[in-house]
Amino acid sequence: MMPLSSVPPGKYRIAEIAGGRNFLMRLSNMGVLRGDIITVIKPAPGPVVIAKGQTRIGIGTGMASRIYVVPQT
Amino acid sequence: MSSRKPDIVVALAGNPNSGKTTIFNGLTGSKQHVGNWPGVTVEKKEGFFQFKGKKIQVVDLPGTYSLSSYTIDEKIARDYLIHEKPDIVVIIADASNLERHLLLFLQIRELGLPVIVVLNMMDVAESRGMKIRVHCLETALKVPVIPTIGNKGIGIDILKEKIVEGVGEQKVKLPYYLGEGFLNILKSIMELLQEEDIDYPPLFFGMKLLEEDPEFLHKVNELSSREKVNCLLEKARSLARMDLGTCITERRFGYLHGIVKECISSIAALHDRIYLSDRIDRILTNRFLGIPLFLLFMFLTFQIVFKFGAPLSELLSTGFDMLGVRFSILLQREGVSPMVISFIRDGLIGGVGSIVSFLPNIFLLFFIIAFFEDTGYMARASFVMDEIMHKMGLHGKSFIPMVLGFGCNVPAILATRTLDTHKDRILTILVNPLISCSARLPIYILFAGIFFPENQGLVIFSLYTLGILLAFIMGNIFKRLFFKGEETHLIMELPPYHMPVIKNILRISWHRSYLFLKKAGTVIFASVIVVWILSSLPPGVEYGSANSYLGRIGQFIAPIFKPAGFGFYQAAVALLAGVMAKEQVVSTLGALFGINLKTALSSVFNPVSAYAFMVMSLIYIPCVATIAAIKQEAGWKWALFTTTYTLILGWLMAVIIYQVGRILFL
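Small disclaimer: the values here were computed from a predicted structure and weren't measured. (Residues numbered from 1 in each chain as written. Chains lettered and ligands numbered in written order. Predicted model: local features only at pLDDT ≥ 70, side-chain atom pairs only at ≥ 80, totals over all residues.)

Caption draft 1: Examining the overall build of chain B more closely. On a plain count of helices and strands, chain B comes out with 30 helices and ten strands. Counting every position in chain B, which comprises 666 residues, the buried fraction comes to 45%. By sequence separation, contacts in chain B at least 24 residues apart represent 71% of the contacts at least 6 residues apart. (Helix = DSSP H or I, 4+ residues; strand = E, 2+ residues; numbered from the N terminus. Buried ≥ 20, exposed ≤ 12 C-beta atoms within 10 Å, placed from the backbone. Contact = placed C-beta atoms within 7 Å.)

Printed below as a string of structure tokens:
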């Protein structure tokens, strides 16, 4: 399990989201939930851009460090 | 158009980037009106269309992902739907992103409002290999579903037809997808809420509680059955065995996932596709290239705004000058008193002219911003700058207003509208006046030219840097003082890049320029008249001289500036006039000292007091147009606060510089 802020581009499963209410809700309202399969399009440093299905979402580095992912093959 | 009341009121709801604007334009054509939502400065778009003899009003709600209370936009959309109860809510969903776009659908249905779902951008979905069975969706969602391609106008007539025809009774189902445990808790909560005096349907209120929406959790305290409700919520929390709100949203998405899976089949394995847009993103948001590219775009923006805007500006102001001269000659011939002529020439025509001559720059600026917004680059720019802005206590999106501030603080403050949270907006507004606007440049040029001829560029650069530095410091101080512990997260959808639509860009930039003219104009205009009156009274005095009211006020306040090295009335009057518009500092000094301004200034100032005066001009009280913009965007309280803190900060800085500089250099 690695924070989203330290992984190279590729496919991952979201294992854990550690954050406050606000953060969790904003992510889940955009359709990003625990267990989802995502693709890292643009890795850190700097903001991380992920793809979930057809959607592209940018996440600030600080926030990305609180999302833990597991690589998918 | 007839002004009769509309027969049907339709609200358009949908996620950002669902193509809502294209549907709105498709329905209403040019019959649109842009205003503000009550109490807030989020743009409210309304329009009308006629169909089969009916008059239909269309209200475009802000783009939101849900009806929770995390952003201003969400609250506006929710309050409108609850209090205004539109006849039909049209929910616009991106056909290729259906799962996520339907979350809003579930929440709006919980309000019990009649709904039509529009599947927009069908062409994109099809080009990405998706096959959507519309009837299947209609059966699953139990509401009419209409496929459209908004930007080509396809499906709009069918939508109009459906709106006029009406959707009939739509029964609200309980959310069975939550599972028995949660459903029973929800039912118990709803029973309790039925007895209460609340503005919301019990189902909606109950679901918001299960989602742990802070605003609704707070409302529980006002209920007579608050203990029972809280007890039930506690039960739900232990049932969730994780964050309750997230658990509920997960179940919602689970349900939607099932529907989408049943009704949409994709041919290609889409999830691994990397599109052209992604490749562009890898360059534009790249660690090393992102910031330089952004700065390049900003530099180009400035070049366009000031290079192309300046000649037009000058043309307009010369035009107004000539108009003033013509008028005064004409009036003189008619034997009108010099007092009235001066009022018309200096006050009315000069005042209006000084506002209107800004218009070309302002319009160009808004045009370029709208261009960046429309292409999708603006969202990326916020990301690129996020880390730097965080050090200022601000947000990635604050960067655009800060950059705009170098041009003019008024549009910069209006541009804070793009920020999502109140806290980020207020902070950005508060420090914005410290960014040195172009109107302050003439002051620096004049003084640096006289007192620092060798290092003119360096001195001017130091002033800009000082402004930025102070913005950093004050941003952090204000954040700690007023918004302790509030942290905002940069999470943003990045819509695919696309070719901008010039018509839309023109529409937006014109509207924003018009707001600038109207709001700033009235205040500048009024204050120009006040200055004119103070400068020309009592009757018979020379305009703006020591004996005029303005001069007397200047003499009264001048001693305050003695510790800063410029305690003479001309400086005080110039600074006073500068509050009207910063350009007036130079023109007022010119009027007070006469033709040999440079010689006169070098006799009353020395290099240290000149620098202190420039620092004062940089920091002290923003111009009235800026104060008016702050009042409009943030309210009187913050406008007064900004005026006060900049005055104190400016005076302190000027005094420190003069006192320290005097010891070191004089």
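Caption draft 2: Fine view of the overall build of chain A. Looking only at helices and strands, chain A has two helices and six strands in total. In chain A, the order of α-helices and β-strands from amino to carboxyl end is β-β-α-β-β-β-α-β. For 73 residues, the compact-globule estimate of 2.2 N^0.38 gives 11 Å, and chain A sits close to it at 11 Å. Seen along its three principal axes, the alpha-carbon backbone of chain A occupies a region of about 30 × 25 × 20 Å. (Rg over C-alpha atoms; globule rule 2.2 N^0.38 Å.)

Caption draft 3: Looking closely at the nonpolar core. If you look at the biggest cluster of nonpolar residues, it comprises 175 residues, and the most contacted ones within it are Ile91(B), Val118(B) and Ala612(B). What Ile91(B) contacts, discounting residues up to four positions off in sequence, is Ala13(B), Gly14(B), Leu104(B), Phe105(B), Ile108(B), Val115(B), Val117(B) and Val118(B). (Core = buried A, V, L, I, M, F, W, Y, C linked by C-beta atoms within 7 Å.)

Caption draft 4: Fine view of the packing of helix H29 (residues 624-634) of chain B against helix H30 (residues 636-665) of chain B. All names here are of chain B. Running from N to C, H29 and H30 cross one another at 145 degrees; their axes reach a closest spacing of 7 Å. Both H29 and H30 take part in a crossing whose hand is right-handed. Facing H29, whose interface residues are Ile 627, Ile 630, Lys 631 and Ala 634, H30 presents Trp 636, Trp 638, Ala 639, Thr 642 and Thr 643. (Axes fitted to C-alpha atoms, helices over the stretch in contact; angles between N-to-C directions. Left-handed = near helix turned anticlockwise from the far one by under 90°.)

Caption draft 5: Representation of the domain arrangement of chain B within the structure. All names here are of chain B. Taken as a whole, chain B is organised into domain 1 (8-165) and domain 2 (176-272). Between the C-alpha centres of domain 1 and domain 2 the distance comes to 24 Å. Residue-level contacts link 20 residues of domain 1 with 24 residues of domain 2. Elements with a minimum of two residues in the side of domain 1 that touches domain 2: helix H3 (98-101), helix H4 (103-110), strand E7 (130-132) and helix H6 (134-141). The class makeup of the residues in the side of domain 1 that touches domain 2 is eleven nonpolar, four polar and five charged. (Domains from an automatic or database assignment. Nonpolar A, V, L, I, M, F, W, Y, C, P; charged D, E, K, R; others polar.)

Caption draft 6: Just the environment of Ser69(B), in detail. Residue and element names in this part refer to chain B. As for its position among the elements, Ser 69 is in the loop between strand E4 (54-60) and helix H2 (72-84). A count of 17 C-beta atoms within 10 Å places Ser 69 in the partly exposed class. For the pair Ser 69 and Lys 208, spaced 139 residues apart in the sequence, the C-alpha separation amounts to 9.6 Å. Beyond its immediate stretch of four places on either side in the chain, Ser 69 contacts Glu 74, Lys 75, Asp 213, Pro 214 and Glu 215.

Caption draft 7: Focus on unusual backbone geometry. In this model, Ala44(A) is joined to Pro45(A) through a cis peptide bond whose omega is 0 degrees. With respect to the helices and strands, the residue Pro45(A) is situated in the loop between strand E3 (37-42) and strand E4 (48-52). Despite not being glycine, Arg241(B) has its phi angle at roughly 55 degrees, a positive value. Along the polypeptide, Arg241(B) turns up in the loop between helix H11 (226-240) and helix H12 (244-263).

Caption draft 8: Just the pairing of strand E5 (residues 88-94) of chain B, in detail. Residues and elements named next belong to chain B. The buried count for E5 comes to seven of seven residues, which makes it a mostly enclosed element. Alternating residues of E5 divide into Ile 88, Val 90, Ile 92 and Asp 94 and Val 89, Ile 91 and Ala 93, and every residue in both groups is buried. Across five bridges, strand E1 (residues 8-14) lies against E5 in parallel orientation. Its bridge partner lying in E5, Ala 11 is registered against Val 89. (Pairing = 2+ DSSP bridges.)

Caption draft 9: Spotlight on the confidence of the model for chain B. Residue and element names in this part refer to chain B. Residues with a pLDDT of 70 or more make up 92% of chain B, whose mean pLDDT is 84. When pLDDT is averaged over each helix and strand of chain B, the minimum, 67, is found for strand E2 (residues 32-36) and the maximum, 95, for strand E8 (residues 145-147). Model confidence for the complex is summarised by a pTM of 0.74, with the ipTM given as 0.91. (pLDDT = per-residue confidence, 0-100.)

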